[in-house]
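# What the coordinates show
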Amino acid sequence: MSDRRTRLIAHARTVLRIARWEVSRSAGTLDRRTAVIGLVAVLVAGGIAAGAAGGGGALDRDLYRVGIAGDNPYYDAVEQSSTLDPRPVSDPNVELVVSETHISVADTQTGRAAYAAFRDAVQSYNERQMAREENQSAAFPVVVDLQYRERDALVPTGSRVDASAGGGGDPGTAGGGGTDTEAGDGGGTGDTAGGTAGGGPSASDAAAADDGSVDAPSLGGMAGLFGGDTSGSPASISPPFPFASLVLAFAFLVPMNFVIQAYGSSVLNERINRRGELLLVAPISPGDIVAGKTLPYLLGTVAITVAIAAAVGGGVVSVAAVVPVGLLFLASTFVGAMFARSFKELTFVTVTVSVFLTTYTFVPAIFTNITPIALISPLTLVVRDLAGESIPLGEFLFSVGPILLAAGVLFLLGVGVYREEDMFTQRPVPLKFLDALDSRISRARSVATLSALSIPFVFIAELLAIAVLFVLPIDLTVPMILVAVAVVEELAKSLHVLAAFEKARFSRTLRSSLVLGGLSGLGFFVGEKFTAIAQLAGLQSLTLGQTAFAPSGVGIADGTGVSVLVVLGLFLAPLVLHAVTASVTAFGASRGRSAYGVALVGAIAIHLVYNLQVVSSLG
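Now for a description of the structure that goes with this document. Model, not experiment: these values are computed from the prediction.

### Considerations on the pairing of strand β1 (residues 64-68)
- Buried residues dominate β1, accounting for four of its five residues.
- When β1 meets strand β2 (residues 84-87), the two strands line up parallel, connected through four bridges. Each residue of the ladder has a partner; that of R65, found in β2, is D85.
- As paired elements, β1 and strand β3 (residues 96-98) share three bridges and run parallel to each other. The residue of β3 that forms the bridge with G67 is V97.

### Notes on unusual backbone geometry
- Positive phi, normally seen in glycine, also occurs at A504, with a value near 55 degrees.
- Residue position: A504 is located in the loop between α20 (474-502) and α21 (510-528).
- Overall, A504 belongs to the exposed group, its relative accessible area being 59%.

### Details of the packing of helix α14 (residues 378-386) against helix α15 (residues 393-416)
- Between α14 and α15, whose axes approach to 9 Å, the crossing angle comes to 140 degrees. When the interaxial angle is binned, α14 and α15 end up oblique. Here α14 runs over α15; the crossing is left-handed. Contact residues: α14 offers P378, L381 and R384, while α15 offers E395, F396, S399, V400 and I403.

### Comments concerning the packing of aromatic side chains
- Applying the stated criterion across every chain, the model contains four aromatic pairs.
- Ring geometry for F339 versus F433: centroids 6.4 Å apart, planes at 75 degrees, classification edge-to-face. Residue F339 is located in helix α11 (residues 316-339), and its partner F433 is located in helix α17 (residues 429-438); the two are separated by 94 residues in the primary sequence.
- The cationic tip of K493 hangs over the ring face of F524; the distance from NZ or CZ to the ring centre is 5.6 Å.

### Points about the sheet that holds strand β4 (residues 103-105)
- Across the sheet, four strands lie side by side as β2-β1-β3-β4; this open sheet has mixed pairing. Each having just a single partner strand, β2 and β4 make up the two edges of the open sheet. Sheet twist, expressed as the average angle between the axes of neighbouring strands with direction ignored, equals 25 degrees.
- Along the sheet face, helix α4 (residues 109-131) touches β1, β2, β3 and β4 and points at about 145 degrees away from the line of β4.

### Some thoughts on a nonpolar patch on the surface
- Residues I103, V105 and Y115 make up a contiguous nonpolar surface patch of about 220 Å² in total accessible area.
- You can see Y115 is positioned in helix α4.
- Y115 sits in the partly exposed class, given a relative accessible area of 33%.

### A word on the nonpolar core
- Counting 68 residues, the largest nonpolar core has F334 and M338 as the members making the most contacts within it.
- Of all the elements in the fold, those that place two or more residues in this core are α8 (253-269), α10 (286-312), α11, α12 (343-362), α14, α15, α17 and α19 (455-469).
- Of all the elements, α11 adds the most residues to this core, at 14 residues.
- Every residue in contact with M338, bar those within four places of it in the chain, is listed here: V267, R271, G414, V417, Y418, M423 and K432.
- Counting 15 residues, the second largest nonpolar core, distinct from the first, contains I441, V447, V497 and A589.

### Quick look at the packing of helix α18 (residues 445-453) against α21
- Direction vectors running N to C along α18 and α21 enclose 35 degrees, while the axes themselves pass 7 Å from each other. The two elements α18 and α21 cross, and the hand of that crossing is right-handed. For the pair formed by α18 and α21, the contact residues are R445, V447, A448, S451 and A452 on the first element and L516, L519, S520, G523, F524 and G527 on the second.
- Residues that form the contact of α18 with α21 fall into these classes: six nonpolar, four polar and one charged.

### Notes on the pattern of salt bridges
- Counted by the stated rule, this structure contains 12 salt bridges.
- One salt bridge connects E270 with K293, and the closest N-O pair in it is separated by 3.6 Å. With E270 in the loop between α8 and α9 (277-281) and K293 in helix α10, this residue pair connects regions lying 23 residues apart in the sequence.
- Since its relative accessible area comes to 5%, E270 is described here as buried.
- Judged by relative accessible area, which is 3%, K293 ranks as buried.
- Several salt bridges converge on common partners, so that one network encompasses E22, E270 and K293.

### Quick notes on α11
- Its 24 residues give α11 an end-to-end C-alpha distance of 35 Å, which sits within 8% of 34 Å, the value for a rise of 1.5 Å per residue.
- Counted residue by residue, α11 has 20 buried out of 24 residues, so it is predominantly covered.

Parameters at a glance
Residues numbered from 1 in each chain as written. Predicted model: local features only at pLDDT ≥ 70, side-chain atom pairs only at ≥ 80, totals over all residues. Heavy atoms only, no water. Buried < 20%, exposed > 50% of the residue type's maximum accessible area, 1.4 Å probe, protein only. Helix = DSSP H or I, 4+ residues; strand = E, 2+ residues; numbered from the N terminus. Pairing = 2+ DSSP bridges. Axes fitted to C-alpha atoms, helices over the stretch in contact; angles between N-to-C directions. Parallel < 35°, antiparallel > 145°, perpendicular 65-115°, else oblique. Left-handed = near helix turned anticlockwise from the far one by under 90°. Contact = heavy atoms within 4.5 Å. Phe/Tyr/Trp six-rings, centres within 6.5 Å; stacked < 30°, edge-to-face > 60°. Lys NZ or Arg CZ within 6 Å of the ring centre and 35° of its normal. Patch = residues over 30% accessible without salt bridge, like charges linked within 9 Å, V, L, I, M, F, W, Y side chains within 5 Å. Areas by Shrake-Rupley, 256 points an atom, 1.4 Å probe, with all protein chains shown as cover. Salt bridge = Lys/Arg side-chain N within 4 Å of Asp/Glu carboxyl O. Core = buried A, V, L, I, M, F, W, Y, C linked by side-chain atoms within 4.5 Å. Nonpolar A, V, L, I, M, F, W, Y, C, P; charged D, E, K, R; others polar. Expected span 1.5 Å × (residues − 1).

Pasting the structure below:
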């Protein structure tokens, strides 16, 4: 035990020594231009956060020009609107002219948009004026209180919403499914604004059906970020959509792009003119070298994340959700810098990585109110943390687990090519990728290990496909999801086998192809069972989630009313599929790259037919 502890301490000291050297070397090469770029990054992130926290930056400020006199009764409403710019009536460059008797609108699309904005401004102004009245029941005789409910808990269409009077009047009746809403007197009279909302539950039904209600999140002091009111006059009710919170959470990702640029340049610098050769010949393992060079940038990412979280009111959950994203950024950049042949190629790689990861983390978070889809992105955890909501451990692991695993596998592949024969040679990126895969294959069972390690990337790709295709019609998305699943999984099971054959690790025989294919399918099958974590977030409650994960055997019948042999057959069917398709691609890979391409198409076709049969049998 003491020897092991001594080795760990020695490794830690080596990593810290390399980290200090990396910091001093990077600080010595920091010029004025780089410092300015870094300052701009901080200002951009701070501006995004401050804009979101302040209610937005009003990108549409002074968008429409309105000709109006200063003594016009509508002047205050126009002046207080951020989208309207009051101008003199004589100004010819206006879209709208407002007089005391009529309104003149330019016969253009802009003019009609200006008129709509003017009406909204007047309505908002009147709302603010009435809110200042002492007798609120007279100003707002109708008060609406929304309750969000699950779709399957909705009552049949035909009942009406009761609106109770603001001044303590009797509630309106809702008999017969068609009675109009009534408002109590409350000390004043007024017309009901916005009419009656049909198709919803009555007030008494809503009070009785507590099991079907969904409480709106408690937003605390950050309610303005969520842009949705669930109580008030009918005109003030708006659906909650956390766009500002998404923008605020997106501020976490902006500085990461600058960090990975510096990190990628540092890694590539080691490969230019063989500058990193001294470290390679030193009695230090490649893992320690990579850990030491990465540590300063990882700590920088953590520090930036903590600072932004503190500035916007986020807590530990926000930091814990964003840091894995930063780690994946660094891991992808490290692999890209090990594969790139020049700084120009590195720029292309880092931009591609940034766009992909930003899409993966940002697009699903748009569906924050649709939890199974939104939880694909860690930014959803940030939004919910800002709202003060509790996050179950299963949902947290569902969001950050695949990202952490993918980052670890990427670092593992990158360390595999941190050697002289790969660092200082000019080989295309695809060949470097095959070298990285081959570096982790030492025996036949390594093929099974790599197949299992590909699961995080398969999971991320399939989740991204679900998030992107979620808004399309289900009749179109189901076939597209099945095709995407087949392509992604067959590539994951076969690329490392191709790399092994290209490096002549195994003999190019039918027996070797069958053995490697069977091991690849077995490893993938075992790793695939970990996708059962999708059930923790309820993703299989969606049709797309069932389509993506049901063919893998996740969430199959529990055996009630079914024989044990049938259940066992359903459980092992994916193993047979993966072994067969992986053997097909392995045989193609043993015959060369062209034959591999043909075999890959055949394996995808077999996989697609299997998926179609499974999905059709599930209905």
